[in-house]
Every structure is written in structure tokens, then in C-alpha cells.
Amino acid sequence: MTDLYEKIVSQRSGLERIIARIPGFRGYKEMTARREADRMIREHIVTLLKEQMQRFIAAEKQMLSKGGLSAATKTREAKTQFQIFIDRVNTAAPGYAGFYAAQKIGPEQLEKIYAFDAALIEYVDYFRTAIEAFDAAARSGEGLDEAISKLEMIAIEANAAFNMRDNVVTEIS
């Protein structure tokens, strides 16, 4: 994640580099760059998660077409948890905004937040793997309950990880 922030900062124009030397203005511009990096990260994660949700819905339809109506309640619960996670990432208040206006954030705190953002990206892979297992179970009719439970467990864990990220941001403010 630090690479993304550095990329945004390095793409400043000559005027921005001059203005960055004005006392107080540099902090404002860096805060804006952090906010932009956060927005880009979250938009990317949400796009990937929505793709996985579409795959889950398609696999769920496959399951239902093969008579898996008895598992529909369980898939709905897993889908709800998954959608909650997507919505939370999508609608989270922009990081690095008002929180940092009142307090300087050090590199250690910023790295903590970036570590949580990296973990959020890893959850895309966890969902992908769980959805692949669910899809295989839906096609074969075997191991369906376990696959659904695994998917729901990942969604619950992802929401808990997002809570921890919120706590880190709150502690900094």
C-alpha cells in the first residue's frame, strides 16, 4: 500500500512540488494524497469483491437448479454476511480525512492502516477460493454444507478484520 501512496505523491506537478514547500500546505496535500490512495484502494477491493459476489450468485443458481433448495437458507446467510462486508468497505468514510487534520500521523500508524488494507485485499483471495469450493460442491452435490459454512466464516472474519481497521483509525484520532 505504501507504493500506491508514493506513486500518487511522486506524480505531483512542478507547481505542486513548489507549493508543498509552503508551511502547512504540504501536510494538507499529503493528507489529500492519502485520502486519494485510500479511495483508490477501497474502490479496487469493492470491484474485486463484487466480481466474487457475482460468481457466488451464479454458483447458488447452479445449486438451486440441481435441487439444492434445502441449502438456500444457509447460502442466504453467507451472502448477507458477504454483502455486509462489501457494503462496509464501499461506504466507509474516507480514511486519512478529518482524523488526520487534527493530528499528525506517523509512519508507524500509517503502516498499520496499510497492513489492514493489504489484509482486506487478501480477503478477496479467500472469498475466491471459498466460492470455487462452493461452486464445485454445488455442481457435485457433495460437501455443500461445509462449503457454505466456510464462505460464511470468511465473511464474518472479514467483517471482524474491518472492525479492527476501524479501531486503528479511531485510536489515531
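Not measured: the values here are computed from a predicted model.

Chemist: Tell me about the overall build of the protein chain, and please be specific about residues and values.
Modeler: Broken down by element type, the protein chain carries seven helices and zero strands. Starting at the N terminus and ending at the C terminus, the protein chain contains elements arranged as α-α-α-α-α-α-α. Counting across all 173 residues of the protein chain, residues that qualify as buried make up 38%. Contacts spanning at least 24 positions in sequence make up 81% of the contacts within the protein chain whose residues lie at least 6 apart.

Chemist: With reference to specific residues and values, describe the environment of Glu51.
Modeler: With respect to the helices and strands, the residue Glu51 is situated in helix H3 (residues 25-65). The spacing of Glu51 and Val124 is 73 residues in sequence and 9.5 Å in space, taken between C-alpha atoms.

Chemist: Hey, could you go over the nonpolar core for me, with residue numbers and the actual values?
Modeler: Counting 34 residues, the largest nonpolar core has Leu49, Phe82, Phe85, Phe127, Phe134 and Leu144 as its most contacted members. Going through the elements one at a time, H3, helix H4 (72-91), helix H6 (107-140) and helix H7 (144-172) are the ones with two or more residues in this core.

Chemist: Describe the pattern of salt bridges, naming the residues involved and giving the relevant values.
Modeler: For the coordinates displayed, the defined rule picks out four salt bridges. Here Lys79 ties to Glu60 by a salt bridge, and the two come within 2.7 Å at their closest N and O atoms. A residue pair is termed long-range when its members are at least 10 positions apart, and Lys79 in helix H4 and Glu60 in helix H3 qualify at 19 residues. With its nearest N and O atoms 3.2 Å apart, the salt bridge here joins Lys74 to Asp145. One end of the pair, Lys74, is in helix H4; the other, Asp145, is in helix H7, with 71 residues separating them in the sequence. Among the residues examined, Asp145 registers a relative accessible area of 37% and is labelled partly exposed.

Chemist: Please provide a residue-by-residue account of the side chain of Arg42, values included.
Modeler: Note that Arg42 resides in helix H3. Polar contacts involving the side chain of Arg42 include one to the main-chain carbonyl oxygen of Val89, which spans 3.1 Å.

Chemist: Explain the packing of aromatic side chains to me, using residue names and the numbers behind them.
Modeler: Inspection of every chain in the model, using the stated rule, returns five aromatic pairs. Where Phe82 meets Phe127, the ring centres are 4.0 Å apart and the plane angle is 15°; that geometry is what we call stacked. In this pair, Phe82 is assigned in helix H4 and Phe127 in helix H6, connecting sequence segments 45 residues apart. Here the two residues Phe82 and Phe127 agree in accessibility, since each one is buried.

Chemist: Quick rundown of the environment of Val168? Include the residues and the values.
Modeler: Structurally, Val168 can be placed in helix H7. By relative accessible area, Val168 is classed as buried at 11%. A sequence separation of 58 residues divides Val168 from Leu110, and the C-alpha atoms of the two residues are 9.7 Å apart. Residues within four places of Val168 in sequence aside, it is in contact with Lys112, Ile113 and Phe116.

Chemist: Please set out the environment of Gly68 residue by residue, giving values where relevant.
Modeler: Checked against the element boundaries, Gly68 lands in the loop between H3 and H4. The sequence separation of Gly68 and Ala138 amounts to 70 residues, and the corresponding C-alpha distance is 7.8 Å.

Chemist: Outline H4, supporting the account with residue identities and numerical values.
Modeler: One turn of the α-helix equals 3.6 residues, which is why residues spaced by three or four share an orientation. A rise of 1.5 Å per residue sets the reference length of H4, with its 20 residues, at 28 Å; its end C-alpha atoms lie 28 Å apart and thus fit the reference within 8%. Buried within H4 are the following residues: Ala72, Thr75, Ala78, Phe82, Phe85, Ile86 and Val89. Buried residues of H4, viewed axially, fall in a sector of 145°; they line one side.

Chemist: Now, about the confidence of the model for the protein chain: what can you tell me, with residues and values included?
Modeler: Caution applies to low-pLDDT parts of the model: their predicted coordinates are not meant to be read in detail. In this model, the protein chain carries a mean pLDDT of 80, and residues with pLDDT of at least 70 account for 70%. Element-level pLDDT for the protein chain is lowest in helix H5 (residues 98-102), with a mean of 44, against a maximum mean of 93 in H4. Considering only residues more than four positions removed or in separate chains, one finds that residues 96-103, a stretch of pLDDT under 50, has 21 contacts.

How each quantity is defined
Residues numbered from 1 in each chain as written. Predicted model: local features only at pLDDT ≥ 70, side-chain atom pairs only at ≥ 80, totals over all residues. Heavy atoms only, no water. Helix = DSSP H or I, 4+ residues; strand = E, 2+ residues; numbered from the N terminus. Buried < 20%, exposed > 50% of the residue type's maximum accessible area, 1.4 Å probe, protein only. Contact = heavy atoms within 4.5 Å. Core = buried A, V, L, I, M, F, W, Y, C linked by side-chain atoms within 4.5 Å. Salt bridge = Lys/Arg side-chain N within 4 Å of Asp/Glu carboxyl O. Polar contact = N/O pair within 3.5 Å; in protein donor to acceptor, adjacent residues only side chain to side chain. Phe/Tyr/Trp six-rings, centres within 6.5 Å; stacked < 30°, edge-to-face > 60°. Expected span 1.5 Å × (residues − 1). Arc of directions from axis to C-beta. pLDDT = per-residue confidence, 0-100.

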